[in-house]
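# Residue-level structure breakdown
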Amino acid sequence: FQELTNWFEEVWGGSDSGGYEVRILTMQKAKGLQADIVCIVGLEDGIFPRRSSGEGKAEEARLLFVSMSRAREELHLFHVRKRDASITFRPQSYDLRPSEFITCLPKKYVKERYHPSRN
């Protein structure tokens, strides 16, 4: 979550006085709603999509598309490069790849940025 925190500080200058309302919702709860800025996190291979094929994967793709369409002005898709063992409750940290849902986006619409951890 440090990369996400870094991004928020960069966008809003780390100030709480920006006048923005932040709502944290699941993709299912976002249906029918819109926001100026939409951030979708957790788009790592094996995390989202969880399923590798079939109807489950198609449903997850549809859910992501609907969530992406909630953005009026800006859409930000986040994935992490490493999951820390303390977060995952696994014996060790491990590296992750971006979700195939990110990697299949047309390159002309993608602007990749790396937000390094400030630990």
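All values derive from a computational prediction rather than experimental measurement.

### Observations concerning the overall build of the chain
Across its full length, the chain carries four helices and four strands. Counting helices and strands in the order they occur from the N terminus, the chain gives α-β-α-β-β-α-β-α. For the chain, the residues scored as buried account for 27% of the 119 residues in total. Of all intrachain contacts in the chain linking residues separated by at least 6 positions in sequence, the fraction that spans at least 24 positions is 73%. Element-wise, carbon and sulfur atoms account for 51% of the exposed surface of the chain, whose accessible area totals about 8800 Å².

### Re the nonpolar core
Within the largest apolar cluster, nine residues are counted, these being Met-27, Val-38, Ile-40, Leu-43, Phe-48, Leu-63, Leu-64, Phe-101 and Ile-102. Beyond its immediate chain neighbours, meaning those up to four positions away, Ile-40 contacts Met-27, Leu-64, Ser-67, Met-68, Leu-75, His-76, Leu-77 and Phe-78.

### Topic: unusual backbone geometry
A cis amide bond, omega 10 degrees, links Phe-48 with the succeeding residue Pro-49. Looking at the secondary structure, you find Pro-49 in the loop between β1 (35-40) and α2 (54-68).

### Regarding the layout of surface pockets
To find leftover empty space, one rolls a probe the size of a water molecule over the atoms. Of the pockets and cavities examined, the second largest pocket occupies roughly 790 Å³. Lining the second largest pocket are 24 residues, with Leu-77, Val-110, Lys-111, Glu-112 and Arg-113 sitting closest to its centre. Where the lining of the second largest pocket is concerned, the elements lending two or more residues are α1 (2-12), β2 (71-77) and α4 (100-103). No other element matches α1, which puts four residues into the lining of the second largest pocket.

Reading the values: rules and limits
- Residues numbered from 1 in each chain as written.
- Predicted model: local features only at pLDDT ≥ 70, side-chain atom pairs only at ≥ 80, totals over all residues.
- Heavy atoms only, no water.
- Helix = DSSP H or I, 4+ residues; strand = E, 2+ residues; numbered from the N terminus.
- Buried < 20%, exposed > 50% of the residue type's maximum accessible area, 1.4 Å probe, protein only.
- Contact = heavy atoms within 4.5 Å.
- Areas by Shrake-Rupley, 256 points an atom, 1.4 Å probe, with all protein chains shown as cover.
- Core = buried A, V, L, I, M, F, W, Y, C linked by side-chain atoms within 4.5 Å.
- 1 Å grid on protein atoms, 1.4 Å probe; cavity = no way out; pocket = protein on both sides within 12 Å on 5 of 7 lines; lining within 4 Å.
- Points joined across faces, edges and corners; volume = space filled by probe spheres on them.

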